[in-house]
Amino acid sequence: MKFIISGKNIEITQGLRSAVESKIGKLEKYFTQETEVLVTLSVEKDRQKIEVTIPVKGSIIRSEQTSNDMYVSIDLVEEVIERQLKKYKNKIMDKHQSGGNFQQAFIEKDYPEEEEVQIVRTKKFDIKPMYPEDACIQMELLGHNFFVFFNAETDQVNVVYKRKGNTYGLIEPEY
């Protein structure tokens, strides 16, 4: 696995780099050597956060963990990604593809599926043009943590969502 480690408000020391490479490196049994692992370490106030993104053919495996100790966050993120891989193995890997970034042993091994993804409700609604700020206000009025709308600036369907710390995010499609 090829690690690309960056930091925000933190210096990436050799100790942190080796902790990330050894802990996340345990996932090497699932991936090929060419697989890139994007790791971002950041510090905000007293929160130590690690974000790990692993792009694989047709999907993205991602997890972020926060604690008051960076080494604890590193341990947590590795456990979460391993659990995700085992749980969603059949969904993230199409049987017809050659295996992409995955090791042959991982492809051949069967992991018990914990639960089937089930859509239990479908909702249809009118979508009208509005600005992202208006969509955030509408989302708050509805008491939801996300809102789908037609962006009046870009003429595309977008999603606004509530983030930690009472901030908002905007999701725009990329074609």
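Everything here concerns the structure above.
Criteria and cut-off values
Every chain is numbered on its own, with residues counted from 1 as its sequence reads. At least 70 in pLDDT is required for a residue's local features to be given in this predicted model, at least 80 for side-chain atom pairs to be given and counted, and no such filter applies to totals for whole chains, interfaces and linings, which use all residues. Side-chain descriptors were evaluated using all non-hydrogen atoms of the structure, hydrogens and water having been removed beforehand. In this analysis, strands are considered paired if DSSP registers two or more bridges between them. By definition, any uninterrupted DSSP run of H or I lasting at least four residues is a helix, any uninterrupted run of E lasting at least two residues is a strand, and each is numbered from the N terminus. Note on geometry: axes are lines fitted to C-alpha atoms, helical ones only across the stretch in contact, with angles between N-to-C directions running from 0 to 180 degrees. Only heavy atoms enter the contact rule, under which two residues are in contact if any of them lie within 4.5 Å. Salt bridge criterion: a side-chain nitrogen from Lys or Arg within 4 Å of a carboxyl oxygen from Asp or Glu. Residue exposure (1.4 Å probe, protein chains only): buried if accessible area is under 20% of the type maximum, exposed if over 50%, otherwise partly exposed. Distance thresholds for patches are 9 Å for like charges and 5 Å for nonpolar side chains (Val, Leu, Ile, Met, Phe, Trp, Tyr), applied to residues having over 30% relative accessible area and no salt bridge. For the area figures, the Shrake-Rupley method with a 1.4 Å probe applies, and any residue is considered shielded solely by the protein chains shown.

Draft legend 1. A look at the sheet that holds strand β4 (residues 59-67). An order of β1-β2-β3-β4 is seen for the 4 strands of this open sheet, with the pairing classed as mixed. Of all strands in the sheet, those with a lone pairing partner are β1 (2-8) and β4, marking the two edges. In this sheet, neighbouring strand axes are inclined to one another by 15° on average, regardless of whether the strands run parallel or antiparallel. One ladder, built from 7 bridges, connects β1 with strand β2 (residues 36-44); its direction is parallel. Counted as the bridge partner of K2 is E36 from β2. Along the sheet face, helix α1 (residues 14-24) touches β1, β2 and β3 (47-56) and points at about 135° away from the line of β1.

Draft legend 2. Main features of the pattern of salt bridges. Scanning the model with the defined rule gives 8 salt bridges in all. The salt bridge involving K49 is made with E51; its shortest N-O contact spans 3.6 Å. Looking at K49, the relative accessible area reads 13%, which means it is buried. According to the relative accessible area criterion, E51 is buried, its value standing at 17%. The structure contains a network of salt bridges with shared partners spanning K49, E51, R62 and E64.

Draft legend 3. Fine view of the side chain of Q48. Topologically, Q48 is positioned in strand β3. Excluding anything up to four places from it in sequence, Q48 contacts S42, V43, Q65, T66, S67, N68, D69, M70 and S73.

Draft legend 4. A look at the sheet that holds strand β5 (residues 129-130). A sheet is described by the order of its strands in space; here 4 strands give the open sequence β5-β6-β7-β8, paired in mixed fashion. On the outer flanks of this sheet lie β5 and β8 (167-171), each paired with one strand and no other. With 2 bridges joining them, β5 and strand β6 (residues 146-151) adopt parallel strand pairing. Among the inter-strand pairings, M130 is bridged to a residue of β6, identified as N151. Contacting β5, β6, β7 (156-163) and β8, helix α5 (residues 132-142) crosses the sheet at an angle of about 145° to β6.

Draft legend 5. Molecular detail of a nonpolar patch on the surface. Together, F125, I127 and V157 give the surface a local cluster of nonpolar side chains, amounting to about 270 Å² of exposed area. For I127, a relative accessible area of 38% gives the class partly exposed.

Draft legend 6. The pairing of β3, seen in detail. Among the 10 residues in β3, 8 count as buried, and that is most of the element. Examined bridge by bridge, β2 and β3 share 7 bridges and lie antiparallel to one another. From the neighbouring strand, S42 faces β3, where its bridge partner is K49. In sequence, β2 turns back onto β3 through a hairpin of 2 residues, with K45 there showing a positive phi of about 55°. As judged from the 9 bridges shared by β3 and β4, these two strands associate in the antiparallel manner. Its bridge partner lying in β4, E51 is registered against E64.

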